[in-house]
Amino acid sequence: MIIKLGGEVMKNYFKYFLSICLIIGLCLYSESVFAESLKGNALKQGDCIGIVAPASGIEDMNIADAINKLQNWGYKVKLSPNLYQQSGYLAGSDQMRADDLNNFFADDEVDAILCLRGGYGSGRILDLLNYEMIKQHPKMVIGYSDITALHMALIKKADLVPVHGAMVIDINDNGYNYTDNQLKLGLANESLGANNEFVLPSNHKLKVLKEGYAKGKIIGGNLSVLASLSGSEYQPNGENCILFIEEVGEDSYVIDRCFQQLWQSGVLKQVKGLIIGNMRRCEPTEPTQFDYSVMQVIKQYADKANIPVVYDMPVGHGAINGFLPLNVEITLDANTSNPQIIFNESYVK
C-alpha cells in the first residue's frame, strides 16, 4: 500500500515537473522567436546624418537641395569620402563603397546613415562589411531598391534594424509631401500613429488579397533583389516573419519567376504573412489574352502559402514612399473592414 501511494505521489510530482519544464521552454522559445534586434537611436536636433553610396553613383545629380532640406530639419550632414567617385555604373570600387559604410558605422559623429540612391552594386560589397564592428555601433540605415541587399545582410549578419525608406535622390525642394513627412518624422521616431500603426496618406486604404491575421518580424524590400539572394548566405530566413515586397518596371512573368525563386528557396514557405507595396509599372508591357496580371500571380502564391496578404502599401518606388522599419515585430491584420499594419515594438532604442 505504501509502495503504491509512493508511486502515485512520484507520478504526480513527475507530471508537475514536466509541466514546469514545458512552461519554461515555451517562454524561452517565445523570447527567442521575437527577441529584440539591435537598434539605433532616434535622431534629435543637431544630430548628424551620414550620406553614403553603396550602389550606383551620383552621376550628374545635384544633391544640394536635399542636403539643404536635411539641414533645415535641424540635422548636420556628413558626406562619405568616396561619394563622388564613379567606376562604371558603380559609385567607386567595391572596397571604396564598403570602406565608406564601415567607417560611418564606426564614426561616433554619425548618428544615422542615409543612402544616396539604389541602382546596382550593394550586393557586391556584402562580403567586405565588418558585421562584428557594426553590431557594436547600431544605427538606422535608410534606403530601398538595390539597398535591399544591404538591408538583408545587416539583418542576417548583425541582427540590425534598417529602414526601407526614401533616399537622398527622393528629397527635393518641391514642397512638403507624404514621403518627406514620413522621412522627417521617421528619423525622429514620430512617424507611427496613435496606436503604433503605419500611417497611410489621407484617403488611402490598404486592400486585402487574402484575409487573415499574422504576427512576426517584418523583412523584405525589392522583389528582384530578394530573389537574387536565393542560395546565398544573405538569403533571408522567413521563419516567424512577415514578408514585404515592392517592385518597379517588371512584367508579371518576371514577378512570377521571382516569387518562384522565393518559394523554391523556402522563404515564401516560411513566412506568416505578405505585404505588397508599390508595384510600379509592373503589368505586362504587351498584354495578350494569355497573360496573368500581377495580382493574379501574387494570389497564386498567397494561396499556395495559405497566408494573409494585403496590398497597395504606399512604400517603394514612386512619389509616395513611406518610412518602413524592418526586423521589428509587427501585426498584420488583414480584415476587409479595416486592414492595418501595427508595430508591436519600437524600431529605435
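About the cut-offs
All chains use their own residue numbering, which begins from 1 and follows the written sequence. This being a predicted model, a pLDDT of at least 70 is required before a residue's local features are given, and a value of 80 or more before pairs of side-chain atoms are given or counted; all residues contribute to the totals for chains, interfaces and linings. Water and hydrogen atoms play no part in the side-chain values, which are based on all heavy atoms of the structure. Helix numbers and strand numbers start at the N terminus; a helix is a DSSP run of H or I with at least 4 residues, a strand a run of E with at least 2. Contacts: residue pairs with any heavy atoms within 4.5 Å of one another. With residues, only the protein chains shown are counted as cover, and all accessible areas are computed by Shrake-Rupley using a 1.4 Å probe. Each pair of strands is called paired provided DSSP finds at least two bridges between the two strands. Simply put, an axis is a line fit to the C-alpha atoms, just over the touching stretch for a helix, and the angle between two N-to-C directions goes from 0 to 180 degrees. Multiplying 1.5 Å by the residue count of a helix minus one yields the expected span of that helix. When accessible area is computed with a 1.4 Å probe and restricted to protein chains, residues below 20% of their type maximum are described as buried, those above 50% as exposed, and intermediate ones as partly exposed. Read the arc as the range of directions from the helix axis to the C-beta atoms. Polar contact criterion, stated in full: a pair of N or O atoms within 3.5 Å, where within protein one must be able to donate a hydrogen and the other to accept it, and residues adjacent in sequence count only if both atoms are side-chain atoms. The disulfide definition used here is simple: a pair of cysteine sulfur atoms within 2.5 Å. Think of a salt bridge as a Lys or Arg side-chain nitrogen and an Asp or Glu carboxyl oxygen that are within 4 Å of each other.

A. Summary view of the overall build of the chain. Looking only at helices and strands, one finds ten helices and 13 strands in the chain. Sequence-distant contacts, at least 24 apart, represent 80% of the contacts inside the chain between residues at least 6 apart. When the accessible area of the chain is evaluated, it comes to approximately 16000 Å², of which 51% is carbon and sulfur surface.

B. Region of interest: the sheet that holds strand β4 (residues 140-143). Strand order in the open sheet formed by six strands is β2-β1-β3-β4-β5-β11, and the pairing between neighbours is mixed. Where the open sheet ends on each side, the last strands, each with one partner, are β2 (76-79) and β11 (324-325). In this structure, strand β3 (residues 112-115) lies alongside β4, joined through three bridges in parallel fashion. Among the inter-strand pairings, Ala 112 is bridged to a residue of β4, identified as Met 140. Lying over the sheet, helix α5 (residues 147-158) contacts β3, β4 and β5 (163-164), oriented at roughly 155 degrees with respect to β4.

C. Focus on the sheet that holds strand β7 (residues 212-222). Reading across the sheet, the seven strands line up as β6-β10-β9-β8-β7-β12-β13 and stay open at both edges, with mixed pairing between neighbours. Single-partner strands in this sheet number two, and they are β6 (207-210) and β13 (340-343). Across the sheet, the axes of successive neighbouring strands diverge by a mean angle of 30 degrees, strand direction being ignored. The sheet contact formed by strand β9 (residues 273-280) and strand β10 (residues 309-311) spans two bridges and is parallel. Each residue of the ladder has a partner; that of Leu 274, found in β10, is Val 309. Where helix α10 (residues 294-305) meets the sheet, it contacts β6, β9 and β10, and its direction lies at approximately 50 degrees from that of β6.

D. Highlighting α10. When the terminal C-alpha atoms of α10 are compared, their 17 Å separation across twelve residues agrees well with the 16 Å that a helix rising 1.5 Å per residue should span. All buried positions along α10 are accounted for by Val 294, Val 297, Ile 298, Tyr 301 and Ala 302. Take α10 and look down its axis: the buried residues cluster within an arc of 135 degrees, on one side only. As for α10, its buried residues are in contact with β6, α8 (252-264), α9 (267-270), β9 and β10. Within two residues after α10, Asn 306 carries a phi angle of roughly 55 degrees, on the positive side.

E. Geometry of the environment of Asn 102. Take Asn 102: it is sitting in helix α3 (residues 94-106). As a C-alpha pair, Asn 102 and Met 133 span 31 residues in sequence and 8.1 Å in three-dimensional space. Residues within four places of Asn 102 in sequence aside, it is in contact with Leu 128, Leu 129, Asn 130, Met 133 and Ile 134. In this structure the side chain of Asn 102 is engaged in a polar contact, spanning 3.2 Å, whose partner is the backbone oxygen of Leu 128.

F. Structural context of the state of the cysteines. Applying the stated criterion across every chain, the model contains zero disulfides. Cysteine Cys 258 remains unbridged, with the sulfur of Cys 282 as its closest cysteine sulfur at 9.7 Å.

G. Just the pattern of salt bridges, in detail. Counted according to the given criterion, the structure contains 14 salt bridges. For Glu 59, the salt bridge identified is with Arg 117, shortest N-O distance 3.5 Å. Residue Glu 59 is found in the loop between β1 (48-52) and α2 (64-72), and its partner Arg 117 is found in the loop between β3 and α4 (131-136); the two are separated by 58 residues along the sequence. With a relative accessible area of 16%, Arg 117 lands in the buried category. Residue Asp 312 is joined to Lys 207 by a salt bridge in which the shortest nitrogen-to-oxygen separation is 2.6 Å. Residue Asp 312 is found in the loop between β10 and β11, and its partner Lys 207 is found in strand β6; the two are separated by 105 residues along the sequence. A relative accessible area of 36% places Lys 207 in the partly exposed class. One network of salt bridges, with partners in common, ties together Glu 36, Lys 39 and Glu 345.

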